[in-house]
Amino acid sequence: MIALRRPRMSRLAWHEARSGLLFLSPWIIGFLAFTLIPIVATLIFTFLNIKLNQDVPLRFVGFDNYLALFGDSQVWDSLLVTLKFAAISLPVAVVLPFAVALLLNSRSLRGSSLFRVLFFMPYTVPFVAGVLIWAQMLNSDSGWINGLLGVVGIQGPDWLNDQGWVYPGLVIIGIWGIGGGIIVNQAGLRGIPTELYDAARIDGAGWWGQLRHVTLPMMSPVIFYTLVLAVVEVLQYFLVPLVLNQGTGEPGGSTRFFNLYLYQTFFSYQDMSYGATLAWLLFIITLAFTGILFWSARFWVYYAGEGSSS
Amino acid sequence: MSVAAQRPIPALPLQKTQTHRRRSLRETRNSFLVTFFSVLVIAAFLSPLLRSFALSFQTPEQISQVDAPLWPASPLTFQYQGREFPVYKVTINGVTKEMALVKKGRTESQLVDPANPGAGQITWQGAWRTLQPALTFDPTFDNYTDVWRLLNYPRLLFNTAAIALIGLIGTVVSCTLVAYGFARFRFPGRSFLFLILISTIFLPAAVTLIPTYTIFVKLGWVGTWLPLLVPTFFANAYDVFLLRQYLLTIPREMDEAAAIDGAGPLRTLISVIVPQAWPVIIAVAIFHLVYSWNDFFAPLIYLSTKPELQTLAVGLAQFSANRSAQEPGLIQAGTLLTLIVPVILFLIFQRVFMRGVVITGVEK
């Protein structure tokens, strides 16, 4: 802002800057009102003792809310639930769109644009509808998945009511969301210069060799991007089990995700300060994970044109 | 294919045709296998929709039948001498016919041929319990008419559409203005502000929710549409990014010509930029419609006290929670009525829609 008053800036440039900021103003105001000020307010709440359902005098409590995290087993249990689910869902969220994009980009596939539309379509299905449709498919008696398993002689599990099977079940419910990832991966695949494949073939690389030495390195920025988004998303995961069992955490607390605990702390127990502390914990965890990913990118993400490859 | 075509042509014509034939044979086989595999995968991927569709036309009795088929089926019956008798598939002399079972017996039963009841009763040797019942295609539309009423569908449809359309206006107007600011004006801190804009995509929603919700409560906005609508007028990162990327591709000559003619920046935006940016504006509009239609959490928390103002997604979730699993047909009918609008919108605008996903996803 100080830069604006520097004499170097011509009248014309100043005019341009003023117009630009004027056009940006809806976003700047919105960012302050709905993002920056709320984040700071959330941080301030974490040092106070605001509980909406109790009339206690407002007090500065220092780090009490943060210290309470350590003694709260629900925090660690729900974080563990989230991490367990992430361990199963992240590989699927990254590999499946990539694999489908490979299939769609295959020169042997006829009618690939029709397949593309069909693979993307469920992405536009409202997620509540998707959950209810897949819950039906996963029903242990009448669902088609267990029906199909039964045909090959396997007794299918009671997916959504079994503590051991509920995470794979939730991953299956989520697969209608891969459409966006497919499109992004496919665009990435199309951007790989064909000369690279020609060169690899001349060097004697087969299908696997080309995938390993051309496709994967060239796709690493896209894979990195899908991975970062998937990590941010999975840390906030809780809406599907919320729709399935109204936040009860069934079966046996295995769907009591961290974000569910956070929202219940605020909406059910009306504990604003502790809820805010949980929110900041989630924020810090998200920053830590994405930070690690960005740090690790230098070892495995290959940006063409920057000259440095692994 | 283009790669093969660019290959240098071998010197001997004979050799050329042979390798060519062999390759095209292999290519045909490969393309058959890959396409066949893809058909299997997409069939599995979309089969839940088919399942949901079939269930939505079935009564609870049809669904709970033993060995119920996948389509809406009811046991066939036949009126004979004023009474109703079940019809079974019976094999007589190697021919399977549908016969009404008039008198059940453990070792022999009396049958009547529905096609020729005048022929009278036929005695059939065998245990009737081993027979398969004959089924008839018998879809019911009750699930749709019931869910229409029970879900208060017309009201929720109106709410969902109104929220989506008002938010669409807010999103398109605010994001176009902001994207124009980022794409066409130079000012200090522009790239820093743009970086902040993009980083909001990665921000967990929980970290802003508690104060925002509290303020909306204090303003008396909870239980109204305002918390869902007002923020749309202040732009969002995805759509600003999408619009900006497109605006950057529009040549500046025409804006400059307009500026020379004395048009101010806003006038230039409306009369020069917007007419050239329709494809991306439509993409943003469709994105917002689908996003808003499918949004669950915001209407859940801001409209939970006002069922008459609620949207379809939340209404459907609550409807299914209250009815548990006894009436899958009813729930699937409601589900299909909820997804039909965004899916049709997507199918109409699929090109625009998927190109938008590519821009926001790849170019960042």
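**Observations regarding the overall build of chain A**
Line of reasoning, step 1. Helix and strand counts for chain A stand at 13 helices and 0 strands.
Line of reasoning, step 2. Of the regular secondary structure in chain A, the N- to C-terminal order runs α-α-α-α-α-α-α-α-α-α-α-α-α.
Line of reasoning, step 3. Its C-alpha radius of gyration of 25 Å places chain A more than 25% over the 19 Å reference for a compact globule of 310 residues.
Line of reasoning, step 4. Taking the principal axes of the C-alpha coordinates as reference, chain A spans close to 70 × 70 × 35 Å.
Line of reasoning, step 5. Scored against the burial criterion, the 310 residues of chain A give a buried share of 37%.
Line of reasoning, step 6. Pairs at least 24 apart in sequence give 64% of the contacts found in chain A among residues at least 6 apart.

**Looking at the domain arrangement of chain A**
Line of reasoning, step 1. Taken domain by domain, chain A comprises domain 1 (2-45) and domain 2 (71-300).
Line of reasoning, step 2. The straight-line distance from the C-alpha centre of domain 1 of chain A to that of domain 2 of chain A is 37 Å.

**Section: the packing of helix 1 (residues 11-45) of chain A against helix 7 (residues 206-218) of chain B**
Line of reasoning, step 1. Between helix 1 of chain A and helix 7 of chain B, the shortest axis-to-axis distance is 7 Å and the interhelical angle comes to 85°. Classified by the angle between their axes, helix 1 of chain A and helix 7 of chain B sit roughly perpendicular to one another. Only V207(B), T208(B), I210(B), P211(B) and T212(B) of helix 7 of chain B make contact with helix 1 of chain A, whose side of the interface consists of F34(A), T35(A), P38(A), I39(A), A41(A), T42(A) and F45(A).
Line of reasoning, step 2. In terms of residue class, the contact of helix 1 of chain A with helix 7 of chain B is made up of 8 nonpolar, 4 polar and no charged.

**Focus on the nonpolar core**
Line of reasoning, step 1. Among the nonpolar cores identified, the biggest contains 138 residues, and V128(A), V131(A), V178(B) and V240(B) are the most heavily contacted of them.
Line of reasoning, step 2. Looking at this core, the element that brings in the most residues is helix 5 (residues 153-184) of chain B, giving 11 residues.
Line of reasoning, step 3. If near-sequence neighbours (up to four positions away) are discounted, V128(A) is found in contact with V243(A), F296(B), A313(B), L316(B), A317(B) and T338(B).
Line of reasoning, step 4. Counting 13 residues, the second-largest nonpolar core is a separate cluster that includes M99(B), A100(B), L101(B) and V112(B).

**Focus on the pairing of strand 4 (residues 95-103) of chain B**
Residue and element names in this part refer to chain B.
Line of reasoning, step 1. As paired strands, strand 3 (residues 83-92) and strand 4 are joined by 6 bridges and run antiparallel to one another. The residue bridging T91 from the neighbouring strand is T96, located in strand 4.
Line of reasoning, step 2. A loop of 2 residues connects strand 3 with strand 4, the two strands running antiparallel in sequence, and N93 in this loop sits at a positive phi of about 50°.
Line of reasoning, step 3. Looking at chain direction, strand 4 and strand 5 (residues 108-112) are connected through 3 bridges and run antiparallel. If you follow K103 over to strand 5, its bridge partner there is Q110.
Line of reasoning, step 4. Hairpin connection of strand 4 to strand 5: 4 residues between the antiparallel strands.

Procedures and definitions
Residues numbered from 1 in each chain as written. Chains lettered and ligands numbered in written order. Predicted model: local features only at pLDDT ≥ 70, side-chain atom pairs only at ≥ 80, totals over all residues. Helix = DSSP H or I, 4+ residues; strand = E, 2+ residues; numbered from the N terminus. Rg over C-alpha atoms; globule rule 2.2 N^0.38 Å. Buried ≥ 20, exposed ≤ 12 C-beta atoms within 10 Å, placed from the backbone. Contact = placed C-beta atoms within 7 Å. Domains from an automatic or database assignment. Axes fitted to C-alpha atoms, helices over the stretch in contact; angles between N-to-C directions. Parallel < 35°, antiparallel > 145°, perpendicular 65-115°, else oblique. Nonpolar A, V, L, I, M, F, W, Y, C, P; charged D, E, K, R; others polar. Core = buried A, V, L, I, M, F, W, Y, C linked by C-beta atoms within 7 Å. Pairing = 2+ DSSP bridges.

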